[in-house]
Every structure is written in C-alpha cells, then in structure tokens.
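Each chain, written out:
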Amino acid sequence: MLVVDQMRADYVEKFQGQWKGGLKRLVQEGAWFREAAYPYAATETCVGHSTISTGALPRTHGMVANTWWERDSQKVVTCTADPNVKNIGYAGATVKGGDSAWRMLIPSFAEELKFQAGGATHVVTFSLKARAAATLAGHKADGATWFDPAAGAWETSNAYPTVPFVEDYAKAHPVREDYGKTWALALPPSAYLYEEKAKGASLPPGGEAGFPHPLRGKTGGPEPDAVFYEEWEASPFADTALTKMAEAAVDSLSLGKSGGIDYLGVSYSSPDYVGHAFGPRSWEIQDVLIRLDQDLSDLFAHLDRKVGRGNYMVALSADHGVVPVPEDMQQTGVEAGRLHLPEVQQRIEKSLEPLNYPKPAVARITGSDIYFAPGVYERLKGDAPAMKAVLEAIESAPGVEGVYRAEQLADQPRANSPLQEAMALSFFAPRSGDLFVVPKAYWLLDFSAGDAPRYGTGHGTPWNYDQHVPLLLMGFGIRPGQYLGAVTPADIAPTLAALCGITLAPRDGRVLGEALANETREHSSGH
Ligand SMILES: [Zn+2]
C-alpha cells in the first residue's frame, strides 16, 4: 500500500512523460482510475490515510482532521496523540510524545487481515509522519516507523513492537549521512513544465528560489541541525530512505514468502512538504516525483526478485491534493487569496461584543472547524439574533464561500448541496467543530498570525483540487486498463479485502470489481 502525500490526480496526466520507472509502470501495467476523489471536505493527511486504511469515511472512522479541539480537556490534540503510550527512538535517540492509532474508531484493513486470515501475516508500515505510519498500520502491528525531525531520528511507540531490522538500518544508515548533499535537477531543464522559479514559494531559512537546493541546515556548520532535518524531509532523499527501509523489511521479514498474506505500507511524505513550499506548478514538485518514480522502480524490482512478479499486489493513492499558490493563481485573472482564520476569529468576537457573551467566545479554530468556549454554542442555538450576527461576521471575511452549523451536518445522509454533503461526510460530533467555514475556490485556509508576508500553499477543503487523487492498482488479481467511473480511495481497502478473501464491517467503500481479474472475482465471491 503506497500513499504519496499531497499528490494531485492531474500530476499523472501532466508529468507521466517525465517518468520511466515505478510510477510509469503503475500507469502502463496497472488499473488506472482517473476519476478517483475523496467525497468529503476534510482533505488532510490523517483523514486520507485513515480512509485508505479502513475503507470507511471520516464520519465512520472518526479521524476528522490532523488536529482537533478536545472539548473535555480544552486542548488541541493531534489525531495520533495517545496519553497511554511513549515514543521510542531508534539508534539510541531521545524522542518526545506518544503516538498510536487509538483514536481511529474501527480496525484497519491490515488488522482485519491479520485477524481473519489466520496465517502468519506481517503488518509493517513506514512514513516520515506518525499520522501516516500509525493509521496505515492500525491499532496494533508488527512495526510502524516514522521520523522525528527535532531529534533527527526514526521512531515508533510502545503501541508497536520495536523492530530489530529498523534498529540495524537506522544505525547503519543515519540520516545525517545526507547532510551537505545537494538536491539538483534529475532531468535537463527543458523536460520541466512551468517557470523555473515557482511564484509565491515559501522558502526554508536561507533558502533560495530555484535549483539547486543544498541541504546545509541553518548555518552550514560541521554538524547537522534541526533545520537540516526539515530540509531533508522536504527533499527526495527522504523518499529514498523510506524505500530502502521498505526493501529491508521485505528481506528481514521475508515478506510474501510466509504462509500468510503480508502487508507493507509506505507513505511518502516529502511531496507534501515540497508541495506546501513550492506549489503544484513548480519544478520542485515535478522533480520530487521523477525521483519517486526511480525509487518505486527500485522497490518493484526488489519485490519482483524477492517475492516474484505477479505474487504481490500494489495499490497507490494519495491522502489529498493541493490548491495552486494564490499569488500564482492570481496571474490568470481568477480571484484567489488567503482566508485568514485569525481574522475570522476577530470578526466573531467583535460581533458578540454588544450581546453580552463571554470573552473570548471562540475557544479555537482548527482547519475549517470553529469551536466555541463551553456553553457558548448551546446559547447561540437558542439566540437567533446572536447566531445571525456570528454567521454574518464570518461570511463578511474575504474568501468565505459559506458557513455550516454542526446541526446541519449531523445525521444528513442526503444533504442539500454537494458542498454540504462533503462537509457532512467528514463530520463526527464529538470531535468536529460547532461551525465550519468553507473557503471560496482557490482560496487557501491560512492560520498564520501577524502581518508577515505569507507564501506557499495548502489543502483541506471540499474543492476538487484537494479531493481528486490518483488511484492505481497493479499486480496479483488486477485487470489492467483505464477506468473512468467515479470511485473513492475508500474503495481500496474493500478491494484488498476481496482479493484476500476477508470481510470489512463498514460499508462506506465498495469493491472495485471492474478491475479484478475474472478468476479472482469468482474466487472472492465464494466459488
Ligand atoms: Zn499537507
């Protein structure tokens, strides 16, 4: 199971001429679903990975965002923050926090596989991000590994076993070996679309627009610093490291050779960091995918050698897409901009000032979710003039498409509009906000405080550029071809389940039967 963090579906259409490795092989030899899109609004990393992992939508799996406001503790929590576990650094590193998938409300496909198939199933996952590695694995696994840039170290938590081969790998190939390397163009400049220097790019400290990008940390001194580890995460070197670890897992655990069906999950995080900084119309995003294409070529060659061509199945998708950098989009003449959420908060406070509400009335805005201080929203629901004032205050902020109330999204299987339906599919009352602000198309949700110039871009909205992602299946049991029907990444897990002869409880996704070879379909339907 491969996830490319922040990969738009149209990258496959536009950039495949630059590929000749693993991505190209997926397109040519696999089943390519060209109209795959998330049906929900909260297009963020934790949400997308949980959807791919479980085959359910956020209103079912409960991972509604990367972070949310926890009403009980009156604190922001991350989707993987687990008070009952501790993170453990590999190769002797000291790390902080504790992460697991305990907040995911249903089992992952991988957990069900291990539970139902009864064989010697191994489940291992790798990513730079805990919210990707933990959700792809599930509540328990044989290994879930991610990276802590503050410590410059690979880590897991005691929700999962520590894995000897990861310890060996981390000791033998420390990330610091990439210190001082330079990310240069893989292909001649004429092979790239768009301008050499991306308009509106957000550059790392000391960074310059355009290639090459040296990885030299904050000062370029003899020792790597925290800035270096962030530069490394936003470079193709991190994708290569994840690929090498996945290959080490295949070797060390003899994946694909035991009595059971094994599950290997890799989430490539670097395209997300690169995309946030440089946007979808950059040489950087093209180059990081050219290099991922090479890494996947290596990975598939390794699997061909060790497991055998046709003895494994690959699914590749993304957790979300991305919106163009607003300053870049404005060149087209289309209205684009930044919906500044601290300003939305100020407008709400101001609207309630004359109406005798507690100050501050808003507890927190995370993503598009607005959470009020305890008791405030209950009171607003019975106070029509105050509710009207708040809604008008939000709608008056630049870049707002609309505002939804929690009670409009709860228990609304058939909503009034596509936007409202998308909002409802990622609504889960105990964790979601009281009000939801939806930006206009091409407007970016912007959380930064102060008046500093803001660059780069993001995702997290119900617009197609965030929802439309690649979905490719290849290998055992898959019928190659191009498929134009509308599907969602929630269909991946049910399809894997059908191939493996197991059953998943939630019914949000469906089996992509059109891409299953006939003999597989007969087998999976019980003949
Ligand atoms: Zn992102």
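Please read these numbers as outputs of a predicted model, since none were measured by experiment.

## Things to note about the coordination of the zinc ion
Argument step 1. The coordination sphere of the zinc ion contains the protein donors Asp272 (OD), Asp272 (OD), His276 (NE2) and His459 (NE2), at a distance range of 2.1 to 2.6 Å.
Argument step 2. Of note is the zinc ion, whose four donor atoms meet at the metal with angles of 54 to 157 degrees in an arrangement that counts as irregular.
Argument step 3. Here the donor residues of the zinc ion are spaced in sequence according to D-x3-H-x182-H. Of this pair, histidine 276 sits in helix H10 (residues 270–278) while histidine 459 sits in the loop between strand E18 (443–446) and helix H18 (464–467), and the two are 183 residues apart along the sequence.

## Some words on the side chain of threonine 457
Argument step 1. Inspection of the secondary structure puts threonine 457 in the loop between E18 and H18.
Argument step 2. Relative accessible area serves as the criterion here: at 8%, threonine 457 is assigned to the buried category.
Argument step 3. A polar contact is formed between the side chain of threonine 457 and the backbone oxygen of valine 323, at a distance of 2.6 Å.
Argument step 4. Each residue touching threonine 457, except ones within four places of it in the same chain, is listed here: Gly275, His276, Gly279, Pro280, Val322, Val323, Pro324, Val325, Pro326 and Leu444.

## Here we look at the packing of aromatic side chains
Argument step 1. The tally for this structure, following the rule as stated, stands at 18 aromatic pairs.
Argument step 2. When the ring of phenylalanine 147 is compared with that of tryptophan 232, the centres are 4.9 Å apart and the planes differ by 50 degrees; the resulting orientation is tilted. In this pair, phenylalanine 147 is assigned in strand E7 (residues 143–148) and tryptophan 232 in helix H8 (residues 226–233), connecting sequence segments 85 residues apart.
Argument step 3. With a relative accessible area of 3%, phenylalanine 147 lands in the buried category.
Argument step 4. Between tyrosine 179 and phenylalanine 228, the aromatic rings sit 5.1 Å apart at their centres with planes inclined by 85 degrees, giving edge-to-face as the arrangement. Placement of tyrosine 179 in the loop between helix H7 (164–172) and strand E9 (182–183) and of phenylalanine 228 in helix H8 is noted, with a sequence separation of 49 residues between them.

## Quick look at the sheet that holds strand E14 (residues 362–366)
Argument step 1. One open sheet holds the four strands; their spatial order is E14-E15-E17-E16, and the pairing between them is antiparallel. Both outer strands of the open sheet, E14 and strand E16 (400–405), are each paired with one neighbouring strand and no more. Across this sheet, the average inter-strand angle for adjacent strands is 20 degrees, counted without regard to direction.
Argument step 2. In this sheet, strand E17 (residues 435–439) lies alongside strand E15 (residues 369–372) in antiparallel orientation, the contact comprising two bridges. Counted as the bridge partner of aspartate 369 is phenylalanine 436 from E17.
Argument step 3. On top of the sheet, helix H13 (residues 341–352) reaches E14, E15 and E17; it is set at about 155 degrees to E14, its chief contact.
Argument step 4. Contacts between helix H17 (residues 418–425) and the sheet are confined to E16 and E17, with E16 contributing the most and set at about 50 degrees to the helix.

## Some thoughts on unusual backbone geometry
Argument step 1. With omega at -5 degrees, the peptide bond leading from phenylalanine 211 into proline 212 counts as cis.
Argument step 2. In this chain, lysine 359 is followed by proline 360 through a cis amide linkage whose omega measures -10 degrees.
Argument step 3. You can see proline 360 is positioned in the loop between H13 and E14.
Argument step 4. At glutamine 74, a residue that is not glycine, the phi angle is positive and equals roughly 55 degrees.
Argument step 5. Inspection of the secondary structure assignment puts glutamine 74 in the loop between strand E3 (67–70) and strand E4 (75–78).
Argument step 6. Of note in this structure, alanine 91 is not a glycine but carries a positive phi near 55 degrees.
Argument step 7. Mapping alanine 91 onto the fold places it in the loop between strand E5 (87–89) and helix H5 (109–117).

## Points about the pattern of salt bridges
Argument step 1. A full pass over the atoms with the stated rule returns 27 salt bridges.
Argument step 2. The partner of aspartate 272 in a salt bridge is lysine 129, with the nearest N and O atoms 2.9 Å apart. With aspartate 272 in helix H10 and lysine 129 in the loop between strand E6 (123–127) and helix H6 (130–137), this pair connects stretches of sequence that are 143 residues apart.
Argument step 3. When its relative accessible area of 3% is taken as the criterion, aspartate 272 is described as buried.
Argument step 4. Between arginine 347 and glutamate 343 there is a salt bridge; the shortest N-O distance is 2.9 Å. Of this pair, arginine 347 and glutamate 343 both sit in helix H13, four residues apart, which is roughly one turn of that helix.
Argument step 5. Residue classification places arginine 347 among the partly exposed residues on the basis of a relative accessible area of 27%.
Argument step 6. Linked by salt bridges that have partners in common, Arg25, Glu29, Asp304 and Arg309 make up one network.

## Details of the pairing of strand E8 (residues 153–157)
Argument step 1. By the criterion of burial, E8 is predominantly enclosed, with five of the five residues buried.
Argument step 2. Residues Ala153, Glu155 and Ser157 of E8 are buried on one face, and the alternating residues Trp154 and Thr156, pointing to the opposite face, are buried as well.
Argument step 3. When E7 meets E8, the two strands line up antiparallel, connected through three bridges. Directly across from tryptophan 146, in E8, lies its bridge partner glutamate 155.
Argument step 4. The hairpin turn running from E7 into E8, its antiparallel successor, is four residues long, and glycine 152 in that turn takes a positive phi close to 65 degrees.

Criteria and thresholds
- Residues numbered from 1 in each chain as written.
- Predicted model: local features only at pLDDT ≥ 70, side-chain atom pairs only at ≥ 80, totals over all residues.
- Heavy atoms only, no water.
- Donors = N, O, S within 2.8 Å, 3.2 Å for Na, K, Ca; no water.
- Tetrahedral: all angles 85-135°; square planar, octahedral: opposite > 155°, others 65-115°.
- Helix = DSSP H or I, 4+ residues; strand = E, 2+ residues; numbered from the N terminus.
- Buried < 20%, exposed > 50% of the residue type's maximum accessible area, 1.4 Å probe, protein only.
- Polar contact = N/O pair within 3.5 Å; in protein donor to acceptor, adjacent residues only side chain to side chain.
- Contact = heavy atoms within 4.5 Å.
- Phe/Tyr/Trp six-rings, centres within 6.5 Å; stacked < 30°, edge-to-face > 60°.
- Pairing = 2+ DSSP bridges.
- Axes fitted to C-alpha atoms, helices over the stretch in contact; angles between N-to-C directions.
- Salt bridge = Lys/Arg side-chain N within 4 Å of Asp/Glu carboxyl O.

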